[in-house]
Amino acid sequence: MDSFTDNHTVDLYIYDLTQGMARVMSQMLLGRVLDGVWHTAVVVYGREYFFGSQGIQSCPPGGTVLGQPLKIEKIGETFIPYQVFKDYIRGLAESTFRGSNYSLLKHNCNSFSEDLCQFLCGTSIPKYILDLPQEFLSTPLGQTLGPLIDRIGASSDNNFSFEPQISARETSPGFDELNSQIEEARLQSLALEEKRKVTRDKLAKKEKKKDKKKKKSETNGTTISSDSEYNSNSNMSEVAEAGATNGTSTIIPSEMLPSERVLEDEAKERQVEEERRKNREPPVVFTNIDPKVELEALVKLVDGQLSKDEETSIEELHQYLIEGEGSWALGDNFLIFVGRILQDPNISTETRVHLLRALAFAALKDDIILLLHQDRRDHVLMNYAQDIDRRAPEEQQAMALFMCNLFENVSSSEWLLYISEWSYNNQQTSNIRATTKLSVHCLLATCPTLQEVGSAIIHNLACKEVKTVVFDDVAIELTMALLQFFNAKPSEEHLYRTLKALGKFVTVSPDIPQLVQMIGPHPNTFKGTSPRVDELIEEISKKVR
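Computed from a prediction, not measured in an experiment: that's the story for all the values here.

What counts and what doesn't
- Residues numbered from 1 in each chain as written.
- Predicted model: local features only at pLDDT ≥ 70, side-chain atom pairs only at ≥ 80, totals over all residues.
- Heavy atoms only, no water.
- Buried < 20%, exposed > 50% of the residue type's maximum accessible area, 1.4 Å probe, protein only.
- Helix = DSSP H or I, 4+ residues; strand = E, 2+ residues; numbered from the N terminus.
- Pairing = 2+ DSSP bridges.
- Salt bridge = Lys/Arg side-chain N within 4 Å of Asp/Glu carboxyl O.
- Axes fitted to C-alpha atoms, helices over the stretch in contact; angles between N-to-C directions.
- Parallel < 35°, antiparallel > 145°, perpendicular 65-115°, else oblique.
- Contact = heavy atoms within 4.5 Å.
- Nonpolar A, V, L, I, M, F, W, Y, C, P; charged D, E, K, R; others polar.
- Phe/Tyr/Trp six-rings, centres within 6.5 Å; stacked < 30°, edge-to-face > 60°.
- Left-handed = near helix turned anticlockwise from the far one by under 90°.

Side note on the pairing of strand 1 (residues 8-16)
Next, step 1: Counted residue by residue, strand 1 has seven buried out of nine residues, so it is predominantly covered.
Next, step 2: Here strand 1 pairs with strand 5 (residues 71-78) via seven bridges, running antiparallel. Pairing of V10 across the sheet is with G76, part of strand 5.
Next, step 3: Here strand 1 pairs with strand 2 (residues 38-44) via six bridges, running antiparallel. Bridge pairing in strand 2 links Y15 to H39.

Observations regarding the pattern of salt bridges
Next, step 1: A full pass over the atoms with the stated rule returns 17 salt bridges.
Next, step 2: Here E294 and R357 are joined by a salt bridge, their closest N and O atoms 2.9 Å apart. Remark: R357 occurs in helix 13 (residues 349-362) and E294 occurs in helix 10 (residues 291-302); sequence separation between them is 63 residues.
Next, step 3: Two residues, E492 and R532, come together in a salt bridge whose shortest N-O distance is 2.9 Å. Here the residue E492 occupies a position in helix 21 (residues 492-505), and R532 occupies one in helix 23 (residues 531-543), the gap between them amounting to 40 residues.
Next, step 4: Relative accessible area serves as the criterion here: at 27%, E492 is assigned to the partly exposed category.
Next, step 5: Residue class for R532 comes out partly exposed when judged on its relative accessible area of 34%.

Observations regarding the packing of helix 13 against helix 16 (residues 393-405)
Next, step 1: Where helix 13 meets helix 16, the axes come as close as 8 Å, and the angle between the chain directions of the two elements is 10°. As summarised for this structure, helix 13 and helix 16 are arranged roughly parallel, according to the angle between their axes. Facing helix 13, whose interface residues are T349, R352, V353, L356, R357, L359 and A360, helix 16 presents E394, E395, A398, M399, L401, F402 and N405.
Next, step 2: Looking at side-chain class alone, the contact of helix 13 with helix 16 contains eight nonpolar, two polar and four charged residues.

Describing the packing of aromatic side chains
Next, step 1: Here the structure, examined in full by the defined rule, presents 12 aromatic pairs.
Next, step 2: Considering the side-chain rings of Y45 and Y82, the 5.1 Å spacing of their centres and the 55° angle between planes classify their relative orientation as tilted. Here Y45, found in the loop between strand 2 and strand 3 (47-52), pairs with Y82, found in helix 2 (residues 82-93); they are 37 residues apart in sequence, far enough to count as distant.
Next, step 3: Under the relative-accessibility criterion, Y45 is labelled buried at 16%.

Comments concerning the packing of helix 19 (residues 448-464) against helix 21
Next, step 1: In the contact formed by helix 19 and helix 21, the axes pass within 8 Å of each other and the chain directions differ by 30°. Considered as vectors, helix 19 and helix 21 are oriented roughly parallel to each other. Of the two elements, helix 19 crosses helix 21, and the hand of that crossing is left-handed. Across the interface between the two elements, Q451, E452, S455, A456, I458, H459, A462 and C463 of helix 19 pack against H494, R497, T498, K500, A501, K504 and F505 of helix 21.
Next, step 2: Residue composition of the contact of helix 19 with helix 21, grouped by class: six nonpolar, five polar and four charged.

Any link to function would need more than the numbers given here.
This is the structure we're talking about:
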């Protein structure tokens, strides 16, 4: 079965850290009754995931020193592929949920559970758990001890760090301490090696740029200035220093730790992913975008209108698109900046167009999926796509370009087809609904540019993998749009793309061949357009009699 259609149960494990003492003692100490002091973890894909001062960790369900949970609440089911989930967890472990970011009252295990449940199912954990810190801080004792507790939580290395239970037998404290030190040293060594690898790659890129610049200068009869050499060397030194001083590691889920078994598994997964990439239908994407031009125009248009955080987001986008940094360069506030540009009525249409075109270039990168996953909570991009018919024509074209280019990579194309729903403008929507609406709107538009991109999106969507388009209503909606589009006498290229899509859809639902017969035009109408079109018509006609 395709990994997209596999569903996995998501459970929330709820523990009372006081084991019932909170209910007994809280009235006396706080002046109100607290049912418990809650620790939560998320159980999915057969593992229990949680967050503490050591970062993100995992273990077999119920395998922490807390034993079995007080209560298990089913959050829902997720259709997110395990590999995508692992990429997301890695991203969290290296950013928002580093161990150093842990705060007992403000950013704790329950914050992590909330983020993960939103990502997996679009659902929050129970409100009484999230409200517990504020409930405590609202008491006289909480107001007195709150700052102290927060400082202790920030400085401690052991608060609420529940290691997986390996064995019930007691072991020597000295052995445990030594073993812990060895493991920590091993992890730091591996992390440092990874940082060195990144640094070497960066240095290699800078050396290439320097050699290229030197050759160009020699060709023009000039030499590189000493200032240029100093700046280049200074930049490389900064990169090397960053790699050397950033040797600490955040603990990520234990099955991801660099053991031989895990490295072997990850190698196999990469091989499978590469095979999928090779064997899939090549998508239609648009690469004729100059990110430097788009960014320069964007910077000019927003000059004097941005806050310091927003200026930082512009610089981060420059690092990602122009300097070749990974998507990790885009900080936590980047999507807030994107949302402001897309939604602020005081921002010009031209500004939005240049930002969207810059993102359309970013969509071709294989690590764009990490940015997309950050948007799971607020749905900035997909809400904008849902409103495609309300946008200016130029914005429609730029947004369609972004959506189309997301089909370049397997992970981002699957993201477009996620079915987890959320509420927007008093209606339920999802990624696949927004993708469907945008593709139909573009295909049936009178604007030739929108038709061009719309035919490409429907081609990509249909050829992605038929099993991902399993919903009859989606396939039927797209087929109705195709039949309407055929009446417009499309060009050979557009006809080829859309007939190819129809050829996929007729295998999805038994109702679609009947629709083609009843509504028309029949594909035979286009016979003689070109040999490749005739071949598609022959295949479709076997299903449509």
